[in-house]
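Read off the chains here:
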Amino acid sequence: GAGSYMLICQLCLGTQSTEESLADGDHIWVPHCNYYVIANPEQVVPLYIVKWRAAGFNPADIYARRLEEILAMPKWSSLQQEEARAVPPNRPAEMAAETTDALWIGYLDPRHEDRQLEADLRQFLEPHLPAELKGKWRLQIVRGRYTQAKVRLGGLVQKEAVLKLCEAPFVEAGVER
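Residues numbered from 1 in each chain as written. Predicted model: local features only at pLDDT ≥ 70, side-chain atom pairs only at ≥ 80, totals over all residues. Heavy atoms only, no water.

K.L.:
So what exactly am I meant to see when it comes to the overall build of the protein here?
P.N.:
Counting secondary structure elements, the protein contains 3 helices and 9 strands. Here the protein has a C-alpha radius of gyration of 23 Å; the compact-globule value for 177 residues is 16 Å, and the former is much larger. C-alpha extents for the protein along the principal axes are approximately 70 × 45 × 25 Å. In the protein, buried positions account for 24% of the 177 residues. In the protein, 60% of the contacts between residues at least 6 apart in sequence involve partners at least 24 apart. As displayed, the protein has an accessible area near 13000 Å², and 53% of this comes from carbon and sulfur atoms. Here the protein carries 20 positive and 24 negative side-chain charges, and the mean point of each set is 5 Å from the other. (Helix = DSSP H or I, 4+ residues; strand = E, 2+ residues; numbered from the N terminus. Rg over C-alpha atoms; globule rule 2.2 N^0.38 Å. Buried < 20%, exposed > 50% of the residue type's maximum accessible area, 1.4 Å probe, protein only. Contact = heavy atoms within 4.5 Å. Areas by Shrake-Rupley, 256 points an atom, 1.4 Å probe, with all protein chains shown as cover. Lys, Arg positive; Asp, Glu negative; His and termini not counted. Charge placed at Lys NZ, Arg CZ, Asp CG, Glu CD.)

K.L.:
Got a minute to help me understand the sheet that holds strand E6 (residues 138–143) in this structure?
P.N.:
In sheet architecture, strand pairing relies on hydrogen bonds along the backbone and comes in two forms, parallel and antiparallel. A sheet is described by the order of its strands in space; here 3 strands give the open sequence E5-E7-E6, paired in antiparallel fashion. Each having just a single partner strand, strand E5 (99–108) and E6 make up the two edges of the open sheet. Strand after strand, the sheet turns through a mean of 20° between neighbouring axes, direction not considered. Across 6 bridges, E6 lies against strand E7 (residues 147–158) in antiparallel orientation. Counterpart to Arg138 in the pairing with E7 is Arg152. (Pairing = 2+ DSSP bridges. Axes fitted to C-alpha atoms, helices over the stretch in contact; angles between N-to-C directions.)

Structure (structure tokens):
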């Protein structure tokens, strides 16, 4: 039945704990059990599903049938489909420090793919960031309750440039915001 499948995963290990309770880290090797204990299931990235026909395989097994149905689908997720949330309005631009090496770009429309959002953000940022940072900054799209973007600049940007950037028009998937 469903025992005829094996899930091969990659573990994303961060800080090794010194205690099996994981009090000071996110994973630990437990030698007497011969396996890793991890703190969060998100540290496991499935890579492959291997199937073999074991002795005693029962094609009527409901779990095996359901798994076969799921594997035949072009796309599947265990996440519940959520209703689209309205993009919150932009926050007023504020900055206390005279320089920064990171930017929070703001909320983005979650209906657009990361590739589209990244292209729009690059087109927005490149003419507004100092030339000496060209090729140094790293963009990250973060999806959670809301979709947002963050930028690690790879160098310092003055407060005036950041505030000017906040006033510049941003075009997201062809719509100016």
